[in-house]
Amino acid sequence: MATERIVYVVDDDTAVRRSLGRLLYSADFECVAYESALAFLQAVPEISGGCVLLDVKMPEIDGLAMQGQLNHLGFRLPVVVITGHGDIPTAVQAMKAGAVDFIEKPFDDERLIAAIEAALADFGRGFADREAATEAAERIATLSPRERQVLDALVAGRPSKVIAYDLGISVRTVEVHRARMLERLGTRRLAEAIRLAVLADLAPDSARMAKADTAVGGNVRGASRRI
Amino acid sequence: MANSYSSHSFWPSPAAIVESSNDAIICTDLNGTITTWNKAAQTIFGYRPEEVIGQPVFLLAAPGREDEMPIILDQITRGQKIQHYETVRRHKEGRQVAISLTVSPIRAEGGQIVGASKIARDITERKEVEAELRRLNETLEQRVAERTAELEKVNRQLQAKIAERERADRRLRDVQSEVFHAARFSAVGQMAGTLAHELNQVMTAATNFVNAARRLLASGERHKIEAVPEVMDEAAAEILRAGRIIGRLRTFVSRGEAERRVENVVMMIEESSALALIGTEEIGVRASFRFDPKAERAFADRVQIQQVLVNLMRNALEAMAGSRRRELEVRTTLLGDQTVEIAIADSGPGLAKSVANHLFEPFVSTKPNGMGLGLPICYSIVEAHGGQLKSEPNLGGGTVFRFTLAAAPTMGR
C-alpha cells in the first residue's frame, strides 16, 4: 500500500516544490520532486506506482509537452495538472492529453489532497476508460441546451462576460446557468465539470450522440462543434 | 353616299361643315385663285372672305417661302396629295403663322382636276410649346452638366477626405500597435503578467507551507511537530519574497528617464483617447476635451505616459459602466510656469473612502477581475517623471484623476 501513496511532483519553482513536499508529507504522502520535465522523464523507467503532480508552466519542456511524451512512452500513472489562476484553456488541453484533474494556483490543501486521493484511486482504471466516458456523457446529456452552451464556452476558456455577449444574455444569467449546470452535474467545482465534458467527448460516438439527441436535440452538436 | 347624307334633313350641308371647321379650309382653282375661305381661315390668316375670294392664294406666302405654293399646285395638278406638311404662312398683319397643311385635288364630275382644297391647322401654339420644351431641355442639359461638374468636384473632395481619413486611421493603428506592443512586450502588460505569475508562485508556496504547518501541528506526532518552526520560517521567507517582487514594480518604471523628451501633450492625449474610447460612442459615452494652449508641451516618455492616459481613461469608462450619465472630460492646465497638469474626470459613482486611501497600493481593485496593478504602475510612471498622480471626488459626482508633468518651453518662445 505504501508505494501507492507516492506523489511525483514536477515543478520548476524551488519554493513551490519544497512547499508541496512539506504539505504532502503532512498529509502522509511520500513525495519525490523533480525540477524539470526532463529530470522526471529520465526517472520514468523506475516508476511503477503513485501519481504525478505536474506544473504546466515550465521552461524548456512544459507540462503539456511532457504529457505528450508520457503518452508516447505508454506511461499509465494518473497525472494531476497544476495551472495558473483562471487558465482554463490550458487545463482543458491538459485534460484532453490525459490528465485526470487540474487544480489552479494557489490552491487549498484540502482540494489538492482530494485530487491526489482521487487520482491514486483511479490508478489502473485508465483515463480513457470507456465506462467512465460513457457515464460522463450521460451526465452531460442531462444538461439543458443553455447549460450545455455555457459549459462548452467555459471549456473553451471564455470568461463569463464574453459568454454573455456571445449568447446575448446578461452576465448574471450566465452565472445562474453555470450554477445550475454544476448542480446538475453533481459538483461544485468547475474543474470537475470540465473533466466530465472532456471525458464525454471521448465516449463512443453512438452512446454520446444518442444521449445528446434524446436529451436536448440537435443544438448540442452545433454547440459542441463550436469549441 | 352624298345623296344618302343629304336625304336626311338634320344632316348639315357640306358648306355648313366647311364653315364650322376649326381648321382653315381654302379652295383655289389651278391658277391659285381663292374660291372658298371659311371662318377659321379668317381667324388664322386675318383676311375676311370678301378681301381674298378671287385673289391669288400667293398673298399668304411668307417671305422666303414664295416658291412653295407653285410647287404644291403643280403636284396637285398631277393628282398628288400633300399631307400634314408643316410650314409657315403670312398673316394679314404681316406676322408669321405656323401651320400644318393638307392639300387635296378637287375633281370635276368627269374626274379632271380643277382646283385644290387646302386644310390648314394653326400650329403656332404647338410650335411655341415645342420651342419651350427644347429650351427647357437645353437648360436641363446645361444644369445636368453643371451638376455633374459639381458632383465631380464633391467626389474629388470626398476622395481627398477619405485619403486623409485613411492616413489618420493608419496613424491611429500605428499608435495602437505601438502602445499594445509596448504593453505586451516591454512595459506595463509584461510587468503585470510577470508579477501575477511570480506572486502566484509565491502565494502558492506560502499557502502550502502554512497549511503543512497546521497539519503537522494537528498530527500530534512529535517528529512532525518538531518540523513546524522550520516550515513556518519557510512560509515567512515566501511572504518576504512577495514584498521584494512588489518592490521591483517601483524601480522598473524609472528606467524610462533617458527616453524622456519634449512631447506634444494634446497629441499624446488625442492618440490615447482614440485608443481608449474605441466603441464607447455606441454605449453613450460623451467625451470632451479642454486643452490649455499654454500647456501644450511637456517632458515625457510618450509610450509610458500614453499607457497612463489609456489606463486612466479605461478606468474612467469602466467606472461609468453602471451610470446613467456617462461623461468623460480630459483637461490640461498650465500650473505656475513649469508644470502641466492633465485631469481625467468621470461621472461614475465615485470612490469609496476605504478604497480611495489605498488606491495606488498594489492589489487594491474595485473591479471583479482587477489585478489592482494598473494604478500603482501609473503612479510609478508619473513619479518617475517627477510628477504626481492623485485622485479626488469630481464636483457633481464621479472621480478626477490628476497627474503632472514638467512643462517644456512652447515653440517659438
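Conventions adopted
Residues numbered from 1 in each chain as written. Chains lettered and ligands numbered in written order. Predicted model: local features only at pLDDT ≥ 70, side-chain atom pairs only at ≥ 80, totals over all residues. Heavy atoms only, no water. Helix = DSSP H or I, 4+ residues; strand = E, 2+ residues; numbered from the N terminus. Buried < 20%, exposed > 50% of the residue type's maximum accessible area, 1.4 Å probe, protein only. Contact = heavy atoms within 4.5 Å. Areas by Shrake-Rupley, 256 points an atom, 1.4 Å probe, with all protein chains shown as cover. Pairing = 2+ DSSP bridges. Salt bridge = Lys/Arg side-chain N within 4 Å of Asp/Glu carboxyl O. Expected span 1.5 Å × (residues − 1). Buried area = accessible area lost by both parts, 1.4 Å probe. Disulfide = S-S within 2.5 Å. Core = buried A, V, L, I, M, F, W, Y, C linked by side-chain atoms within 4.5 Å. Axes fitted to C-alpha atoms, helices over the stretch in contact; angles between N-to-C directions. Parallel < 35°, antiparallel > 145°, perpendicular 65-115°, else oblique. Left-handed = near helix turned anticlockwise from the far one by under 90°. Nonpolar A, V, L, I, M, F, W, Y, C, P; charged D, E, K, R; others polar. pLDDT = per-residue confidence, 0-100. Phe/Tyr/Trp six-rings, centres within 6.5 Å; stacked < 30°, edge-to-face > 60°. Lys NZ or Arg CZ within 6 Å of the ring centre and 35° of its normal.

### Section: the overall build of chain A
Moving on, step 1. Per the secondary structure count, chain A includes 12 helices and five strands.
Moving on, step 2. Within chain A, buried positions represent 49% of all 227 residues.
Moving on, step 3. Intrachain contacts of chain A at a sequence separation of at least 6 include 66% that bridge at least 24 residues.
Moving on, step 4. Summed over its atoms, the accessible surface of chain A is roughly 10700 Å², and 50% of this surface lies on carbon and sulfur atoms.

### Notes on the pairing of strand 2 (residues 34-37) of chain B
Residue and element names in this part refer to chain B.
Moving on, step 1. Both strand 1 (residues 24-29) and strand 2 contribute to a ladder of three bridges, which runs antiparallel. Bridged to I26 within strand 2 is W37.
Moving on, step 2. Hairpin connection from strand 1 to strand 2: four residues lie between these consecutive antiparallel strands, with G32 at a positive phi of about 95 degrees.

### Looking at the pattern of salt bridges
Pairing between side chains of opposite charge can happen when their charged atoms approach one another.
All names here are of chain B.
Moving on, step 1. For the coordinates displayed, the defined rule picks out 44 salt bridges over all chains.
Moving on, step 2. Two residues, E51 and K92, come together in a salt bridge whose shortest N-O distance is 2.9 Å. Note that E51 is positioned in helix 4 (residues 49-52) and K92 in the loop between strand 3 (82-90) and strand 4 (96-107), a separation of 41 residues in sequence.
Moving on, step 3. A salt bridge links R302 to E271, with the nearest nitrogen and oxygen atoms 3.5 Å apart.

### Let's talk about helix 11 (residues 302-319) of chain B
Moving on, step 1. Relative to the 26 Å expected for 18 residues at 1.5 Å per residue, helix 11 of chain B spans 25 Å between its end C-alpha atoms, a close match to the ideal helical length.
Moving on, step 2. The buried fraction of helix 11 of chain B is high, at 14 of 18 residues.

### Quick word on the interface of chain A and chain B
Much of the literature gives interface size as the accessible area that the parts lose upon coming together.
Moving on, step 1. Of the residues lining the interface, 24 residues belong to chain A; the matching set on chain B comes to 22 residues.
Moving on, step 2. Counting each side, the surface lost to burial between chain A and chain B is near 1900 Å², with a carbon and sulfur contribution of 50%.
Moving on, step 3. Linking chain A with chain B are nine salt bridges, by the criterion used here.
Moving on, step 4. One salt bridge in this structure joins D109(A) and R215(B), with 2.9 Å as the shortest N-O distance.

### Here we look at the state of the cysteines
Moving on, step 1. Applying the stated rule across the entire model yields zero disulfides over all chains.
Moving on, step 2. Left without a disulfide partner, C31(A) is nearest to the cysteine sulfur of C51(A), which lies 10.0 Å away.

### Regarding the environment of R22(A)
Moving on, step 1. Along the chain, the position of R22(A) falls in helix 1 (residues 14-26).
Moving on, step 2. For R22(A), the residues in contact, after removing those within four places along its chain, are F209(B), A212(B), A227(B), E230(B), V231(B) and E234(B).

### Brief notes about the nonpolar core
Moving on, step 1. If you look at the biggest cluster of nonpolar residues, it comprises 53 residues, and the most contacted ones within it are F40(A), V52(A), M66(A) and L151(A).
Moving on, step 2. At nine residues, helix 10 (residues 190-201) of chain A tops the list of elements feeding residues into this core.
Moving on, step 3. Sequence-distant contacts of V52(A), that is, excluding residues within four places in its chain, are made with Y8(A), V10(A), F40(A), M66(A), F75(A), P78(A), V79(A) and V80(A).
Moving on, step 4. One finds A295(B), I305(B), L312(B) and I344(B) within the second-largest nonpolar core, a separate group that totals 44 residues.

### Considerations on the packing of helix 10 (residues 265-276) of chain B against helix 11 of chain B
Residue and element names in this part refer to chain B.
Moving on, step 1. Where helix 10 meets helix 11, the closest approach of the two axes is 9 Å, and the angle between their N-to-C directions is 45 degrees. Compared by their axis directions, helix 10 and helix 11 come out oblique. Viewed along their axes, helix 10 and helix 11 form a crossing whose handedness is right-handed. Residues M267, M268, I269, E271, S272, S273, L275 and A276 of helix 10 touch helix 11, and the partners they reach there are R302, I305, Q306, L309, V310, M313, R314 and L317.
Moving on, step 2. A per-class count over the contact of helix 10 with helix 11 returns 10 nonpolar, three polar and three charged.

### Considerations on the confidence of the model for chain B
Residue and element names in this part refer to chain B.
Moving on, step 1. For chain B, per-residue confidence averages 83 on the pLDDT scale, and 85% of positions sit at 70 or higher.
Moving on, step 2. Throughout residues 1-7 the model reports pLDDT below 50, and contacts reaching past four residues in sequence, or to other chains, amount to one contact.
Moving on, step 3. pLDDT under 50 marks residues 181-186. Its contacts with residues more than four places away, or in other chains, come to 13 contacts.
Moving on, step 4. Here the predicted complex scores 0.46 on pTM and 0.71 on ipTM.

### Examining the environment of R90(B)
Residues and elements named next belong to chain B.
Moving on, step 1. Along the polypeptide, R90 turns up in strand 3.
Moving on, step 2. Residues R90 and P63, 27 residues apart in the sequence, show an inter-C-alpha distance of 7.8 Å.
Moving on, step 3. In this structure R90 touches F45, Y47, L59, L60, A61, A62, P63 and R95, once residues within four positions along its chain are discounted.

### Quick word on unusual backbone geometry
Moving on, step 1. Here the amide bond leading from K105(A) into P106(A) is cis, since omega sits at -15 degrees, within 30 degrees of zero.
Moving on, step 2. With respect to the secondary-structure elements, P106(A) resides in the loop between strand 5 (101-104) and helix 5 (109-122).
Moving on, step 3. You will see that D28(A), though not glycine, has its phi angle at about 65 degrees, which is positive.
Moving on, step 4. Structurally, D28(A) can be placed in the loop between helix 1 and strand 2 (30-34).
Moving on, step 5. Overall, D28(A) belongs to the partly exposed group, its relative accessible area being 48%.
Moving on, step 6. For H84(B), which is not glycine, the phi dihedral falls at a positive 45 degrees.
Moving on, step 7. With respect to the helices and strands, the residue H84(B) is situated in strand 3.

### Focus on the packing of aromatic side chains
All names here are of chain A.
Moving on, step 1. Inspection of the entire model under this criterion finds seven aromatic pairs over all chains.
Moving on, step 2. An angle of 80 degrees between the planes, with centres 6.0 Å apart, marks the rings of F40 and F75 as edge-to-face. Taken as a pair, F40 in helix 2 (residues 37-43) and F75 in the loop between helix 3 (63-73) and strand 4 (79-83) lie far apart in primary sequence, 35 residues in all. F75 carries the same exposure label as F40, and that label is buried.
Moving on, step 3. Aromatic rings pair up to connect Y8, Y34, F40 and F75 into one cluster.
Moving on, step 4. Positioned above the aromatic ring of F29, the side-chain terminus of R5 is 4.2 Å from the ring centre.

### Here we look at the packing of helix 4 (residues 88-96) of chain A against helix 10 of chain A
Residue and element names in this part refer to chain A.
Moving on, step 1. Relative orientation of the contacting elements helix 4 and helix 10 amounts to 45 degrees, with a least axis distance of 10 Å. As far as their axial angle goes, helix 10 and helix 4 are oblique. At the point where helix 4 passes helix 10, the crossing takes the right-handed sense. On helix 10, the residues touching I88, V92, M95 and K96 of helix 4 are L190, A191, I194, R195 and V198.
Moving on, step 2. Tallied by class, residues from the contact of helix 4 with helix 10 come to seven nonpolar, no polar and two charged.

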